[in-house]
Amino acid sequence: MKGIELEKAYNPQDFEDRLYERWEKEGYFKPASDEASPVHAQYKCKCADCNKKTDTYTVVIPPPNVTGVLHMGHGLNNTLQDIVVRYHRMKGDNTLWLTGTDHAGIATQNVVERQLKKEGKTRNDLGREAFLERTWKVKEDHHAIIVKQQRKLGNSTDWERERFTYDEGLSAAVRDVFVTLYERGLMYRGKRLVNWCPRCGTALADDEVDHEDTQGAMYHLYYEYADGSGKIEVATTRPETFFGDTAVAVNPSDERYKALVGKKLKLPLTGKEIPIIADDYVDKEFGTGMVKITPAHDPNDWEVGLRHNLEVINLLTPDGRLNENVPEKYRGLKSEAARALVIEDLTAAGLYKGEEKMVHSVGHCYRCKTVVEPYLSDQWFVKMKPLADKALAAWKNGEIQFFPQKWENTYEQWLVNIRDWCVSRQIWWGHRIPVWYCQKCGEVIVSREDPKKCPKCGCGAEDLKQDPDVLDTWFSSWLWPFSTLGWPQNTPDLKTFYPTTALVTAYDIIFFWVSRMIMAGLEFTGKAPFHDIYIHGLVRDKQGRKMSKSLGNGIDPLELIDQYGSDAVKYTLGFMCAQGQDVLVDKDSFKLGSRFANKIWNASRYLLGNLEGRNLVPIKKSDLTELDKWIYARLDNAVRTTRSALEGYRFNDGAQALYEFFWTEFCDWYVEATKLSFRNGDDAEKDRAASVLLNILEESLRLLHPYLPFVTEEIYQKLPLAEIAASRKAAGDEAVCASQYTGMLIAAPYPEIDDSRVNDTIVARFDALQEFTRSVRALRAECGIGPEVKLTTKAIITKGSNAEVCKEKIDIIKLLAGIGTLEFVDEKPQGAIGSVGNGFEAFIVVDSSINVDALKARFEKELKTESDFIEKTKAKLAGKFAQNAPAEVVAQFREKQAAAERRVEKLTSYLQNL
């Protein structure tokens, strides 16, 4: 046959877009059960090979927000999903990776409002309908960018099933869930203290508040007794809110204040009077043991107020200014300005003691970073405890499993301590709450369809006013695994692919999304929405910092793909993603994946180019040499390791196994060793060797594909696949049904574990051969002898050890170690330097090919360097350093000293031998 030419240089830009377009166009991203899938015939085939149990493997993508572009966190998340999806597709599972985007209510509305602000406008200037039209345009623009990025990453998602959390089908599902919860008594409306973002003008759920340590102060104020008998001291971090105080509380067991309970205090600057009350909430050991109670502006005070039936006075407008419930001079002021004026007036009144600087935790809006205010308002809430109890039971019953398991504790604690979920948002972009209020009779109508009339008084739709609020973004996202498959309709996709199999997501949204999806799945379908939950870390810079615009340390995935190719990005992220750890990278990190992709390309180019004049022949097990059996054993080990790693979501273990097998064992050892067959063998041996190499390359490409899909597919398309299949069939090996052959690697079968390839004896023998060869190479490097010098070597081999293989494989050792001669002896030779290994001693004979004087000078120089280091280290460890330095630092210096002493011993031995 003719040699097969690959381009000299690996250039992913030449083929990645072309291959992706073909995969998509020919339907390879579709599940096998879909008639448009190229492997549908295999899925329906009833032959012995095809008629195996086929599992369904379904993954729904965490939908990115339509507010910007994908960052490295998305790159990691999408990469890991693509790896595991490609693996299961090749395994023969009926595989669906469902993609889509999230409408991201507050975040997307913020983008549009910032645009309007630059134009000197607000959303109210446009009106609701015009504002929503503009927001849809922003959504479409960002969606186009996101999809382009996902395609460049190589996401093998079924694009024809793409969904959007605000599309027609999901909107129907959201309405159905809201009404169902209301019907089950799990949805209610009430006036409650909520987290309020003055900038966004909306309520936030507890887990949408980011708490940050902030520089502030504790302010000490005096409240006078109403009867003029004295005053008390209270402290607060928010003195401007004291206008909303309706009591001062003390602990009922505090002997200092028992007589004061019921006494009245004058509220400064207002002329109002408030009582002193007793409540167990107060810590009598903290401060003065007296706490001002502001029910409308502190969650703990709200609970105290409920217990004592205190008046609740809201001081704030929706945009965070003081309202009509404060004296006129403070109205309209923002918190900081009001605080300064209040302190000034309290000081003038002799009611201000002073302040203490402090750092305290302050809640900020998770989207715009504005300080969040506790705010009293009417909102819609979901009763979460009944839902949480089911989600806890599902975990305890083994219906869901976390990878790694440590996240189970986080999941459990959040569900045990869960609070009702505030789901209403005072914005315009999002699912409108399906509630109408009759303007005639006050009836509240909760309906799946827009009502035509009031069911109570019969008035028409014109007298029914819909609730102006929209639902929290997460209210649609928590339905994602089943709403995207057609629920509440019992669609074929829902029947086939639900429950889904796995969720791959970052740990920062366990509360927001993961837990809620489990609750929703159990409540509305009776099943957990997925079984496997793989939680990966965040992508950070090399210093461990989160990537952000402000730090300037962000990396654009598209820039990396342009520079290195998609495979380099995918493989590097997989290689570096260890369970339970964040991924620390910079741009240079991705050279790892680029070098590996290059190695695959160059090794394949060498092998395919050397097919010139060769014939592919059937290879039976009896035709394999010991070297062949060794590489097949190592290939089987890589298959086992990679399969186990991917089944357990240990992506880094799989990536490392692939690297070790292909680069080290296959390329550096096996391919190099087979050069003897092409140098010294006859045509029959050359044909046999070429056929084995081609078989191993083909199987290796299938093994590598999930991590490096593009380069492996491009090479695979160059292979003489029909000839390979024919020769295997003739050998009685891997005979498969014709319907399994599609011609593209993406749908080729993933390598199977093969017990017949396991051969511990041969592996142990070749381990010994490799150790011997490495020892000779290390001695060469130690002596600074260049590769052009063909060494004279001798060796002592322990009888009965695995190292006896060296006597049988002299030609391989001479080739791989660059040896001129290798002689086996019984005693240590004179004038030689050696190395001891498992079952052998290897020696380089210092003969005329080596400059002895230069070698001695090299060793003596290094000996002096090591000896000087030992003396300095001894002196350092004998002084104050050992007493004052951390124990681990001292231990590191002791280990360095020990290593240097071992090196001195070896160098001294070398010099003695010379």
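Structure's up top.
On a predicted model such as this, the values are computed, not experimentally measured, just so you know. (Residues numbered from 1 in each chain as written. Predicted model: local features only at pLDDT ≥ 70, side-chain atom pairs only at ≥ 80, totals over all residues. Heavy atoms only, no water.)

Caption draft 1: Broad picture of the overall build of the chain. Of the regular secondary structure elements, the chain holds 29 helices and 29 strands. Viewed in the frame of its principal axes, the chain has a C-alpha envelope of about 110 × 80 × 55 Å. When burial is assessed residue by residue, the chain has 55% of its 914 residues classed as buried. Taking as baseline every contact in the chain between residues at least 6 positions apart, the subset at least 24 positions apart corresponds to 77%. In the form shown here, the chain has an accessible surface area of approximately 40,200 Å², with 48% of it arising from carbon and sulfur atoms. Looking at the chain, you have 122 positive and 134 negative side-chain charges, and the mean spots of the two groups are 1 Å apart. (Helix = DSSP H or I, 4+ residues; strand = E, 2+ residues; numbered from the N terminus. Buried < 20%, exposed > 50% of the residue type's maximum accessible area, 1.4 Å probe, protein only. Contact = heavy atoms within 4.5 Å. Areas by Shrake-Rupley, 256 points an atom, 1.4 Å probe, with all protein chains shown as cover. Lys, Arg positive; Asp, Glu negative; His and termini not counted. Charge placed at Lys NZ, Arg CZ, Asp CG, Glu CD.)

Caption draft 2: Summary view of the sheet that holds strand E18 (residues 435-438). Strand order in this open sheet of 3 strands is E19-E18-E20, and the pairing throughout is antiparallel. Both outer strands of the open sheet, strand E19 (444-446) and strand E20 (464-466), are each paired with one neighbouring strand and no more. With direction set aside, neighbouring strand axes in the sheet form an average angle of 30 degrees. Across 3 bridges, E18 lies against E20 in antiparallel orientation. By the bridge assignment, Tyr 437 is partnered in E20 with Lys 465. Contacting E18, E19 and E20, helix H7 (residues 168-183) runs over the sheet at an angle of about 125 degrees to E19. (Pairing = 2+ DSSP bridges. Axes fitted to C-alpha atoms, helices over the stretch in contact; angles between N-to-C directions.)

Caption draft 3: Representation of the packing of aromatic side chains. Tallying each qualifying case throughout the model produces 48 aromatic pairs. Relative to Trp 380, the ring of Phe 178 lies with its centre 5.4 Å away and its plane at 65 degrees, an arrangement referred to as edge-to-face. Residue Phe 178 is located in helix H7, and its partner Trp 380 is located in strand E14 (residues 373-382); the two are separated by 202 residues in the primary sequence. Residue Phe 178 is classed as buried on the basis of its relative accessible area of 0%. Plain terms: the ring middles of Phe 666 and Tyr 670 are 6.1 Å apart, the flat faces sit at 20 degrees to each other, and that makes the pair stacked. With Phe 666 and Tyr 670 both in helix H20 (residues 651-680) and 4 residues apart, the pair spans about one turn of that helix. Neither Phe 666 nor Tyr 670 differs from the other in exposure class; each is buried. (Phe/Tyr/Trp six-rings, centres within 6.5 Å; stacked < 30°, edge-to-face > 60°.)

Caption draft 4: A look at the packing of helix H18 (residues 591-609) against helix H21 (residues 683-704). Between H18 and H21, the shortest axis-to-axis distance is 11 Å and the interhelical angle comes to 155 degrees. Overall, the two elements H18 and H21 adopt an arrangement that is roughly antiparallel. Taken as a pair, H18 and H21 cross one another with a handedness that is left-handed. Contacts from Phe 596, Ile 600, Ser 604, Leu 607 and Leu 608 in H18 reach Leu 693, Leu 694, Leu 697, Leu 701 and Leu 704 in H21. Taken together, the residues of the contact of H18 with H21 break down into 9 nonpolar, 1 polar and no charged. (Parallel < 35°, antiparallel > 145°, perpendicular 65-115°, else oblique. Left-handed = near helix turned anticlockwise from the far one by under 90°. Nonpolar A, V, L, I, M, F, W, Y, C, P; charged D, E, K, R; others polar.)

Caption draft 5: Region of the structure containing the pairing of E14. The buried fraction of E14 is high, at 9 of 10 residues. Two elements, strand E5 (residues 187-197) and E14, share 10 bridges in a ladder whose sense is antiparallel. Bridge assignment links Val 194 to a residue of E14, and that residue is Tyr 375. Bridging between E14 and strand E16 (residues 421-422) involves 2 bridges; their strand directions are antiparallel. Paired with Phe 381 across the bridge in E16 is Cys 422.

Caption draft 6: Expanded view of H21. Relative to the 32 Å expected for 22 residues at 1.5 Å per residue, H21 spans 31 Å between its end C-alpha atoms, a close match to the ideal helical length. Burial analysis of H21 places 18 of its 22 residues in the buried class, the great majority of the element. (Expected span 1.5 Å × (residues − 1).)

Caption draft 7: Expanded view of the packing of H18 against H20. Contact pair H18 / H20: the axes reach a minimum separation of 11 Å and the direction vectors enclose 30 degrees. One element, H18, and the other, H20, form an angle in the roughly parallel class. The hand of the H18/H20 crossing is left-handed. Only Leu 658, Tyr 659, Phe 662, Trp 663, Phe 666, Cys 667, Asp 668, Val 671 and Lys 675 of H20 make contact with H18, whose side of the interface consists of Leu 592, Arg 595, Phe 596, Lys 599, Ile 600, Ala 603, Tyr 606 and Leu 607. Residue composition of the contact of H18 with H20, by class: 13 nonpolar, no polar and 4 charged.

Caption draft 8: Up close: the nonpolar core. One finds Phe 662 and Phe 666 to be the most contacted residues of the largest nonpolar core, which totals 141 residues. For this core, the leading source of residues is H20, giving 13 residues. Contact partners of Phe 662, with chain neighbours within four places excluded, come to Phe 596, Lys 599, Ile 600, Ala 603, Cys 667, Leu 697, Ser 700 and Leu 704. Leu 96, Val 174, Val 179 and Ile 510 belong to the second-largest nonpolar core, a separate cluster that totals 73 residues. (Core = buried A, V, L, I, M, F, W, Y, C linked by side-chain atoms within 4.5 Å.)

Caption draft 9: Expanded view of the environment of Glu 752. Mapped onto the elements, Glu 752 comes out in the loop between helix H23 (721-730) and helix H24 (760-783). For the pair Glu 752 and Leu 701, spaced 51 residues apart in the sequence, the C-alpha separation amounts to 13 Å. Once you skip the residues sitting within four places of it in the chain, Glu 752 turns out to touch Asp 636, Val 639 and Arg 643.

Caption draft 10: Region of interest: the state of the cysteines. Across all of its chains, the model carries 0 disulfides by this definition. Cys 459 provides the cysteine sulfur closest to Cys 438, a residue in no disulfide bond, and the two sulfurs are 3.3 Å apart. The class for Cys 438 is buried, based on a relative accessible area of 4%. Not part of a disulfide, Cys 454 finds its nearest cysteine sulfur in Cys 441, a span of 3.6 Å. (Disulfide = S-S within 2.5 Å.)

Caption draft 11: Looking closely at the sheet that holds strand E6 (residues 202-204). Across the sheet, which stays open at both edges, the 4 strands sit in the order E6-E5-E14-E16 with antiparallel pairing between neighbours. Lying at the two open borders of the sheet, with one neighbouring strand each, are E6 and E16.

Caption draft 12: Expanded view of the pattern of salt bridges. Counting across every chain of the model gives 68 salt bridges. The salt bridge partner of Glu 160 is Lys 30, with a shortest N-O separation of 2.9 Å. Within this pair, whereas Glu 160 is found in the loop between helix H6 (128-153) and strand E4 (163-164), its partner Lys 30 is found in the loop between helix H1 (16-25) and helix H2 (40-44), the two being separated by 130 residues in sequence. Between Asp 493 and Arg 161 there is a salt bridge; the shortest N-O distance is 2.8 Å. (Salt bridge = Lys/Arg side-chain N within 4 Å of Asp/Glu carboxyl O.)

Caption draft 13: Spatial organisation of unusual backbone geometry. Of the consecutive residues Trp 487 and Pro 488, the connecting peptide bond is found in the cis state with omega at 15 degrees. Of note, the amide linkage connecting Tyr 498 to Pro 499 takes the cis form, showing an omega dihedral of 0 degrees. If you check the backbone angles, Leu 269 has positive phi at about 65 degrees while not being a glycine. On the accessibility criterion, Leu 269 (31% relative accessible area) is partly exposed.

Caption draft 14: Region of interest: a negative patch on the surface. A contiguous patch of negative charge, built from Glu 5, Glu 7, Asp 14 and Glu 612, is present on the exposed surface. Here Glu 612 is to be found in the loop between H18 and helix H19 (626-647). The class of Glu 612 is exposed, set by a relative accessible area of 52%. (Patch = residues over 30% accessible without salt bridge, like charges linked within 9 Å, V, L, I, M, F, W, Y side chains within 5 Å.)

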